[in-house]
Amino acid sequence: MTRTIAVTGAAGSIAYSLLFRLAAEASAEGERIRLRLLEIPAAVERLEGVRMELEDCAFPALEEIAYTADPEEAFAGVDAAFLVGSAPRRPGMDRADLLEANGRIFAEQGRALGAGAQPDARVVVVGNPANTNALIAAEHAQRAPRTDGGVLSADRFTALTRLDHNRALAQLAARTGASVESIERLAIWGNHSNTQFPDLGGAAVAGEPAMQVLARVCGGPDAAEAWVAGDFIPTVAGRGGAVIEARGASSAASAASAALDHLRDWTHGTRGRWVSMAVRSHGEYGVPAGLISSFPCVVDADGSARIVEGLELTGEQRSRIDASAAELEEERQTADHLGFL
Ligand code: NDP
């Protein structure tokens, strides 16, 4: 089977890492893929260079590389789409200005996906503000007329919080001296923003409660709590800025790696392991229905993703989740006032 995968913002930094990793992984797995690259008209010519480089890698998986500035052409028949390109925040822009610039892009792309993508296509939004961009795209996909009479469900639109999840795994592994594979049940809740909640409440390190392991390495339960609130959470939430400061450029390779993790796990399953994905809420854990918010998710072997249910939350967990959900609700209201919902 050959999968057709679209990548927007394909001349940008994240895509420059993502496209080559995607083709290399597919080649290693013996898969076949067709790539559809989308850019704005001002950047589309650069995609000829990207196409040439992909060709020069002689990836066995790559059956076709096409590029365009037309979303309908890019998304026709796709099995998956990474929506990476988005309007950057410019000096003087407030959140409403950013949502307005992106609302146009994601409404148009949502319509094109709704009309032309496979009815079970998987959409991963990377471009910020990712959760609300995904919400806008999902909304417009529902309204798009399809020749087969179907609908690309809003549940097929997700946003990337896997980078936050991976950052949290790495921080906990470093502090406890454990390997990342030995960590389970860690979760990112809420918005891909500073209000996100990296949650160790249910996490385990080599089968032992993470807070217990931290109490041992930090010198007691209070010191462990202090490390989580004062170090772990701000480090994970502020890591993007720290990378920019250190590297002089944004965290493009790790964002691409996380986007690939997200789609791979959503397609092939997580074998019971939790991953963090921003998915449409149906009211779980008090997150208002319809918002695209990060939750701990598991994906079955058939590729169906579901939010982990039945977790008992403390007051502290509740209030952090509520705070991030409140920010998402504000973004939804702004998008609504701007006429995108
Ligand atoms: P990047 O490829 O570095 O980033 C693209 C988007 O991903 C940005 O919105 C960025 O958000 C977001 N992002 C999410 N997580 C991360 C992370 N961890 N680190 C960095 N970025 C993250 O941007 P470039 O400017 O290099 O490329 C963007 C490309 O998109 C350009 O070529 C532009 O022409 C194109 N574009 C395409 C559109 C389309 O296809 N219709 C529409 C608009 C732009 P943040 O801004 O918050 O860093």
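Quick note: structure is the one above.
Worth saying up front: this structure is predicted, and the values here are computed from it rather than measured. (Residues numbered from 1 in each chain as written. Predicted model: local features only at pLDDT ≥ 70, side-chain atom pairs only at ≥ 80, totals over all residues. Heavy atoms only, no water.)

Asker: For this particular structure, what's the right way to read the overall build of the protein?
Answerer: Looking only at helices and strands, the protein features 11 helices and 14 strands. By the compact-globule yardstick of 20 Å for 341 residues, the protein fits well, its C-alpha radius of gyration being 20 Å. Overall, the protein is about 60 × 45 × 40 Å in size when its C-alpha atoms are taken along their principal axes. Put simply, the protein has 341 residues, and 52% of those count as buried. Across the protein, contacts joining residues at least 24 apart in sequence account for 72% of those joining residues at least 6 apart. With an accessible surface of roughly 14700 Å², the protein has 50% of that area assigned to carbon and sulfur atoms. (Helix = DSSP H or I, 4+ residues; strand = E, 2+ residues; numbered from the N terminus. Rg over C-alpha atoms; globule rule 2.2 N^0.38 Å. Buried < 20%, exposed > 50% of the residue type's maximum accessible area, 1.4 Å probe, protein only. Contact = heavy atoms within 4.5 Å. Areas by Shrake-Rupley, 256 points an atom, 1.4 Å probe, with all protein chains shown as cover.)

Asker: Got a minute to help me understand the sheet that holds strand β10 (residues 204-205) in this structure?
Answerer: In sheet architecture, strand pairing relies on hydrogen bonds along the backbone and comes in two forms, parallel and antiparallel. In space, the 3 strands of this open sheet follow the order β7-β10-β11, with antiparallel pairing throughout. Across the chains shown, the open sheet's two edge strands, defined by having one partner strand only, are β7 (183-184) and β11 (208-209). In the sheet, β10 pairs with β11 via 2 bridges, with the strands oriented antiparallel. The partner of Val205 across the bridge, within β11, is Glu208. (Pairing = 2+ DSSP bridges.)

Asker: Could you clarify how one ought to interpret the packing of helix α1 (residues 13-28) against helix α2 (residues 46-56) in this entry?
Answerer: Helix-helix packing is characterised by the crossing angle of the two axes and by the distance between the axes. The contact between α1 and α2 brings their axes to 11 Å, and the two run at 30 degrees. As the angle between them shows, α1 and α2 are arranged roughly parallel. Crossing angle aside, the handedness with which α1 passes α2 is right-handed. Here α1 contributes Tyr16, Leu19 and Phe20 to the contact with α2, which in turn contributes Val50, Glu53 and Leu54. Considering only residue class, the contact of α1 with α2 consists of 5 nonpolar, no polar and 1 charged. (Axes fitted to C-alpha atoms, helices over the stretch in contact; angles between N-to-C directions. Parallel < 35°, antiparallel > 145°, perpendicular 65-115°, else oblique. Left-handed = near helix turned anticlockwise from the far one by under 90°. Nonpolar A, V, L, I, M, F, W, Y, C, P; charged D, E, K, R; others polar.)

Asker: Looking at this structure, I do not really get the packing of helix α6 (residues 162-176) against helix α7 (residues 210-218). What am I missing?
Answerer: One can describe the packing of α6 onto α7 by two numbers: an axis separation of 9 Å at closest approach and a directional angle of 45 degrees. By the angle class used here, α6 and α7 are oblique. On α7, the residues touching Leu172, Arg175 and Thr176 of α6 are Ala210, Val213, Leu214, Val217 and Cys218. A per-class count over the contact of α6 with α7 returns 6 nonpolar, 1 polar and 1 charged.

Asker: I'm lost on the pattern of salt bridges in this one. Help?
Answerer: Any two side chains of opposite charge can pair, on the condition that their charged atoms come close. What the rule picks out here adds up to 21 salt bridges. Between Asp300 and Arg306 there is a salt bridge, with the nearest N and O atoms lying 2.9 Å from each other. Classification of Asp300 by relative accessible area gives partly exposed; the value is 29%. Residue Glu316 is joined to Arg320 by a salt bridge in which the shortest nitrogen-to-oxygen separation is 2.8 Å. Pair noted here: Glu316 and Arg320 are both in helix α11 (residues 315-337), with a separation of 4 residues, about one helical turn. (Salt bridge = Lys/Arg side-chain N within 4 Å of Asp/Glu carboxyl O.)

Asker: How should I be thinking about the nonpolar core in this particular structure?
Answerer: The tendency in soluble globular proteins is for nonpolar side chains to be buried side by side. In this structure, Leu19, Leu35, Leu37, Leu54, Phe82, Leu172 and Leu200 are the most contacted members of the largest nonpolar core, which totals 79 residues. Built from parts of two domains, this core gets at least three residues from each of domain 1 (2-159) and domain 2 (162-335). Leu19 has contacts with Val7, Ala10, Leu35, Leu37, Val50 and Leu54, leaving out every residue within four places of it along the chain. By size, the runner-up hydrophobic cluster in this structure holds 30 residues, among which are Leu38, Phe75, Ala134 and Ala137. (Core = buried A, V, L, I, M, F, W, Y, C linked by side-chain atoms within 4.5 Å. Domains from an automatic or database assignment.)

Asker: Help me understand the pairing of strand β3 (residues 62-68), please; the structure alone is not making it clear to me.
Answerer: Consecutive side chains of a regular strand alternate in pointing toward one face of the sheet and then the other. As judged from the 6 bridges shared by strand β2 (residues 32-38) and β3, these two strands associate in the parallel manner. Pairing of Ile33 across the sheet is with Leu62, part of β3. Read from β2 through α2 to β3, the crossover connection turns out right-handed. (Right-handed = clockwise from strand over helix to strand, strands pointing away.)

Asker: Could you clarify how one ought to interpret the site of the ligand in this entry?
Answerer: Among the 24 residues in the neighbourhood of the ligand, the closest are listed as Ser13, Ile14, Glu39, Ser86 and Leu163. Measuring from a nitrogen atom of the ligand, one finds a side-chain N or O atom of Gln109 at 3.0 Å. Here Asn128 contributes a side-chain N or O atom positioned 3.0 Å from an oxygen atom of the ligand. Of all elements in the fold, only α1, α4 (95-116) and α6 reach the threshold of two or more residues within the shell around the ligand. In terms of residue class, the shell around the ligand is built from 10 nonpolar, 12 polar and 2 charged. Residue contributions to the shell around the ligand reach at least three from each of two domains, namely domain 1 (2-159) and domain 2 (162-335). (Near = heavy atom within 4 Å. Polar contact = N/O pair within 3.5 Å; in protein donor to acceptor, adjacent residues only side chain to side chain.)

Honestly, it's all geometry; don't read function into it.
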